[in-house]
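# Examining the three-dimensional arrangement
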Amino acid sequence: MLTRSFKGLAEPISRPRFAPGLHHRFPQQSIIRFASSVARPATKKAGRRWKGLATVGVIGTGVFLYDRYEGAEALRRSFRTLVFGVKLAIDFKLNFSPDNPEGIDALHERTAERLHKLCVSNNGMYIKLAQSLAIQAAILPKPYREAFANVFDAAPAVDWEEVVKVFEAEFGCHPDEAFDSFQRTPVASASIAQVHKARLKVVNGKPWKDDEGWVAVKVRKPSVPKQMEWDLFCYRALLWSYEKLFDLPVAFISQYVTEQMRKEANLVTEAHNAERTANYLKNESNLRNRAMVPNVYWDWTGTSVMTADFMQACRLTDKEQLAKYGLSVKETMDAVTELYSAMVFKWGFVQADPHPGNILVRPHPKRPKHPEIVLIDHGLYVDMPLEFRYQYCKLWRSLFVGDVKAIEDIAVKWGIKRENSDIFASLTLLRPHKLKKGHEGEQTEAEKKFGEQSRYEQQVGLKARIKTMLESEELIPRELIFVTRGLRMLQANNQAMGSPSNRINIHAHYAADGLASFTPAASRSLTQIGLKTYAIEKVRLVIFRVVLFAVDIGFQITRLRSWITERMGGKGEGLEDLLQRQVTDMARNEFGVELDDAAFSG
């Protein structure tokens, strides 16, 4: 018989399955030890498993709590981006197929909806990155442009307690100690910072007048520095994913955009940009009495806080308020266009986000019947290298004097194939432009064939056309991308105002002035350059002026036609509307892309 252990004692039990004498070969103690050795490994294994799970749980909980309360949910936001990327890859792998042409539009809608949800959920830097992605959105299907357009204004404010923490960390005191008054509710909130209205303490005991002493205090949101590097990494990963999935060259700008975003998050950089622009304006005789930059107060300006004069003004496109001010819409838009032209062609220092919220208008303090442009938000600027600015000025001037060789040479230097210089010229002017003689409006065989293709064939063909146009994406000046987008946003502003400004002529004049600044007048004299070159330059100058005159005549005729149409109860079409329609047709015929304004209106 075997024994059963009970309180350390062994008592006999029956063992019917063992043959007689078996207990002599397996003593009672050996059987007990054998049973224990079988049970022990299973118990140890289970214990190690539970211990491992508990460790993972503790670490996971710690990471979650740290990420939520100290890391501004940077990991959680990155995980959302990862999930979006995985879904995007799987969905395209399974559903972007010539066998499913009718499902391609639905695929894009799903992806755009997920992208919109991602940007809104993550907020913060993702809003700013969405604006950068909008640069490429113009060549992507329509649902993506709508997704980018819908996230521009999603920028909720942080609580007052958070504002106090940021201010105290920067200056070591409460906002109420620094200012005579500080409004708790922000007057504006953007993706990186929010703005509060405050009043400076009186100087020498002299009380302020009603409109004096007011400042705008821009406070960076506390989550931005914690989230920024994670967000920028995810941005680069998303661009890389888009390039692989769409087979389009979009990732090459990621590093440049990343550098600009880092600069924009530093409010000291913004303050320096503001002062630099103000100095340029002081030295620009044509603009110094028509535009201004609010004064910066360095005592209350740092990495996370910037203080400048508060301006009572309206948005550029607020035509109703401009009418109440008694200001001319044309004079206002002309001033804005000249300001931006000076930035691009003469200063080489460009405010890269000229949407209507960053360009304010007020009656001039000394000339109330005339507008004064107030330029705010100086975080995102492009510093154009001298060689690039020279080439850009020369490009614009060459477009108007018909110097085809110069245009093609610049295109090649910028990575565009020589045979695609027509498209390159059109993208520069933001209007269709033919460098060589051809039949306007005549469709090529490729364009006719495009209209008969399926959605799948059209989008695959888009990739091939863009790749064909580019010789080398590495040669494209990174600054060109932001400058072109800025000019496009300026065009959208002019269009929203009813096209009162002859934008192209103004740009061309400033381009000529900018080009002249690179070459002293003495070196352009007959004795310096020779009779032949001197004569060619004089002929080109005449052509330039004649072309600008013709463009101006066309502009005035278009305005008159629009005015007559409106008086007859119709909808007038300004020059920008006409150009927009022509560019849209060009994009459809050349690339199969349906353009709209959403990605550029801001």
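Placed above this text is the structure.
Residues numbered from 1 in each chain as written. Predicted model: local features only at pLDDT ≥ 70, side-chain atom pairs only at ≥ 80, totals over all residues. Heavy atoms only, no water.

A separate point is the overall build of the protein. When helices and strands are tallied, the protein shows 24 helices and 13 strands. Each of the 602 residues in the protein was classed as buried or not, and the buried ones make up 46%. Considering only contacts in the protein between residues 6 or more positions apart, those separated by 24 or more positions represent 69%. When the accessible surface of the protein is summed, it comes to about 31100 Å², and 56% of that surface belongs to carbon and sulfur atoms. (Helix = DSSP H or I, 4+ residues; strand = E, 2+ residues; numbered from the N terminus. Buried < 20%, exposed > 50% of the residue type's maximum accessible area, 1.4 Å probe, protein only. Contact = heavy atoms within 4.5 Å. Areas by Shrake-Rupley, 256 points an atom, 1.4 Å probe, with all protein chains shown as cover.)

Time to look at the packing of aromatic side chains. Two measures describe an aromatic ring pair: the distance that separates the ring centres and the angle between the ring planes. Counted according to the given criterion, the structure contains 17 aromatic pairs. Considering the side-chain rings of Phe167 and Phe182, the 6.4 Å spacing of their centres and the 70° angle between planes classify their relative orientation as edge-to-face. Residue Phe167 is found in helix α7 (residues 160–171), and its partner Phe182 is found in strand β3 (residues 181–182); the two are separated by 15 residues along the sequence. Considering the side-chain rings of Phe388 and Trp414, the 5.3 Å spacing of their centres and the 50° angle between planes classify their relative orientation as tilted. Note that Phe388 is positioned in helix α14 (residues 386–401) and Trp414 in the loop between α15 (404–413) and α16 (421–429), a separation of 26 residues in sequence. The class for Phe388 is buried, based on a relative accessible area of 5%. The structure contains a cluster of three or more aromatic residues connected by ring pairs, namely Trp160, Phe167, Phe171, Phe179, Phe182 and Trp300. Of note, Lys197 hangs over the ring of Trp214, and the distance from its end group to the ring centre comes to 4.7 Å. Of note, Arg276 hangs over the ring of Phe349, and the distance from its end group to the ring centre comes to 3.8 Å. (Phe/Tyr/Trp six-rings, centres within 6.5 Å; stacked < 30°, edge-to-face > 60°. Lys NZ or Arg CZ within 6 Å of the ring centre and 35° of its normal.)

The next point concerns the pairing of strand β8 (residues 305–309). β8 sits mainly inside the fold: four of its five residues count as buried. Pairing of strand β6 (residues 214–220) with β8, which is carried by five bridges, proceeds in the antiparallel orientation. Bridging across to β8, Ala216 finds its partner in Ala308. (Pairing = 2+ DSSP bridges.)

Per the counting criterion, the structure on display carries 13 salt bridges. A salt bridge links Lys165 to Glu162; its shortest N-O distance comes to 3.8 Å. One end of the pair is Lys165 and the other is Glu162, both in helix α7 and three residues apart, which spans about a single turn. The class for Glu162 is partly exposed, based on a relative accessible area of 30%. With a shortest N-O distance of 2.8 Å, Arg362 and Glu372 are connected by a salt bridge. Taken together, the residues Arg362 in strand β11 (residues 359–363) and Glu372 in strand β12 (residues 371–375) connect sequence positions 10 residues apart. With respect to class, Arg362 is no different from Glu372; both count as buried. (Salt bridge = Lys/Arg side-chain N within 4 Å of Asp/Glu carboxyl O.)

With respect to topology, four strands assemble into an open sheet ordered β7-β12-β11-β9, the strand pairing being mixed. Strands with a single pairing partner mark the edges of an open sheet, and in this sheet they are β7 (291–292) and β9 (314–315).

This part covers helix α11 (residues 267–282). In a regular helix each residue adds 1.5 Å, so 16 residues correspond to 22 Å; α11 covers 23 Å between its end C-alpha atoms and thus fits that length. Buried within α11 are the following residues: Leu267, Glu270, Ala271, Asn273, Ala274, Thr277 and Leu281. Along the axis of α11, the buried residues cluster in a sector spanning 160°; they form a single face. For α11, the N-terminal capping position is held by Asn266, with its side-chain oxygen 3.0 Å away from the main-chain nitrogen of Val268. (Expected span 1.5 Å × (residues − 1). Arc of directions from axis to C-beta. Polar contact = N/O pair within 3.5 Å; in protein donor to acceptor, adjacent residues only side chain to side chain.)

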